[in-house]
Amino acid sequence: MRVLITGAAGGVSRLLVPQLAEHHRLRLTDVRPPPYPIDGTETAEAEVLLGDLADPAVAARLCDDVDAIVHLAGNPRPGDGWDLLRGPNVDAVTTIFDGASQAGVARIVLASSVHAMGGHYWRADEPGGPPVQDDQAPHPCCRYGATKVFAEAAARVYADAYPLSVVCLRLGGCLPAPPHRGWLDTWLGVTDLGQAVRRALQADIRFGTYTITSANPRQVFDLSAARNDLGYAPTETSVACADGLPDGPSTMCRPQMRDRR
Ligand SMILES: NC(=O)c1ccc[n+]([C@@H]2O[C@H](COP(=O)([O-])OP(=O)(O)OC[C@H]3O[C@@H](n4cnc5c(N)ncnc54)[C@H](O)[C@@H]3O)[C@@H](O)[C@H]2O)c1
């Protein structure tokens, strides 16, 4: 399968590309040069094309002659405002979906985020609170989360209107190890990231949204949908890295409650 990876110079891509290069022919793209070859991909066949995805002509060129897209390009910073989020997380989503649907791409795996459901997190975090399910209505905790809900909604529109299937992965915080205790609930290990994306590329699904974290001790986000539909079976857990970790704030944003008068 020929797979386009957008956001290929970013942090998640660097962790993912070596795992996909074993199985697929890759086309890598970003506005800035990706550090290719990435460790472990030296012998893999990969093509690198630079450009701004928000430009429809660039998106069309990138989507030509690929079977699937792993769409990672975006602004991953939950504290940012609309001015910084709109281009990468809204405009570039619409152009890549237009390009993909016009080029006849069969599958998009979209990097969404647990922040799309972050508003539910705080209730689930209370003692006895039920875990957050993927079939609950989206409830973002921040503007960034709202852009991910937009991307999921756009994905639904295209999956309905075109022979294009989309698997949205609500990724937890992905690093080789959690940097502090605030990451323990939502951490996503590198091997689990690779497994989830590989399964999302292959699964027999028209459209779906799935939370993807490792098998962490407090499963605030329920992974049942990903386990059932994708066959996702996480093999990593943040408990293995927890000893000696410093305290730190949760990775989830606390919704700001305004005076509603
Ligand atoms: N990092 C995480 O743990 C995490 C967790 C959940 C979801 N995500 C999502 O995963 C994706 C990747 O995250 P990341 O941490 O690698 O981010 P990153 O900022 O490290 O990489 C994103 C890349 O996208 C590129 N990009 C942005 N706009 C572009 C455009 N218009 N055209 C071409 N390239 C563009 C940037 O140049 C950058 O290299 C994002 O969509 C993010 O929201 C990340």
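Everything in this summary refers to the structure shown in the same document. These numbers were taken from a predicted model, which means no experiment stands behind them.

**A look at the pairing of strand E5 (residues 107-113)**
The side chains of a regular strand alternate, first on one face of the sheet and then on the other. Counting buried positions over the seven residues of E5 gives seven, a clear majority of the element. Burial along E5 is two-sided: Arg107, Val109, Ala111 and Ser113 facing one way and Ile108, Leu110 and Ser112 facing the other are all buried. Of the strand pairs in this sheet, strand E4 (residues 68-71) and E5 are connected by four bridges, and their pairing is parallel. Bridge pairing links Ile69 to Ile108 in E5. Crossover connection from E4 via helix H3 (residues 82-103) to parallel E5: handedness right-handed. When E5 meets strand E6 (residues 165-171), the two strands line up parallel, connected through seven bridges. Across the sheet, Ser112 pairs through a bridge with Arg170, a residue of E6.

**Here's the deal with the site of the ligand**
Near the ligand, the surroundings consist of 27 residues, among which Val12, Asp30, Asp52, Tyr144 and Cys174 are the closest. Contacts to the ligand include Leu72, whose backbone N or O atom sits 3.1 Å from an oxygen atom. Considering the ligand on its own, with 820 Å² of exposed area, one finds that the protein chains cover 86% of that surface. Among the elements that line the shell around the ligand, the one with the most residues is E5, at three residues. Considered class by class, the residues forming the shell around the ligand number 14 nonpolar, nine polar and four charged.

**Some remarks on the pattern of salt bridges**
Enumeration according to the criterion identifies eight salt bridges in this entry. Between Glu47 and Arg2 there is a salt bridge; the shortest N-O distance is 3.0 Å. Highlighted residues: Glu47 in strand E3 (residues 46-50) and Arg2 in strand E1 (residues 2-6), separated in sequence by 45 residues. Where Arg170 meets Asp134, a salt bridge forms, and the shortest distance between an N and an O atom there is 3.1 Å. Of this pair, Arg170 sits in strand E6 while Asp134 is found in the loop between helix H4 (118-124) and helix H5 (143-161), placing the two residues 36 residues apart along the sequence. Per residue, the accessibility class of Arg170 equals that of Asp134, and both read buried. Connected through shared salt-bridge partners, Arg2, Arg27, Glu47 and Asp65 make up one network.

What counts and how
Residues numbered from 1 in each chain as written. Predicted model: local features only at pLDDT ≥ 70, side-chain atom pairs only at ≥ 80, totals over all residues. Heavy atoms only, no water. Buried < 20%, exposed > 50% of the residue type's maximum accessible area, 1.4 Å probe, protein only. Helix = DSSP H or I, 4+ residues; strand = E, 2+ residues; numbered from the N terminus. Pairing = 2+ DSSP bridges. Right-handed = clockwise from strand over helix to strand, strands pointing away. Near = heavy atom within 4 Å. Polar contact = N/O pair within 3.5 Å; in protein donor to acceptor, adjacent residues only side chain to side chain. Areas by Shrake-Rupley, 256 points an atom, 1.4 Å probe, with all protein chains shown as cover. Nonpolar A, V, L, I, M, F, W, Y, C, P; charged D, E, K, R; others polar. Salt bridge = Lys/Arg side-chain N within 4 Å of Asp/Glu carboxyl O.

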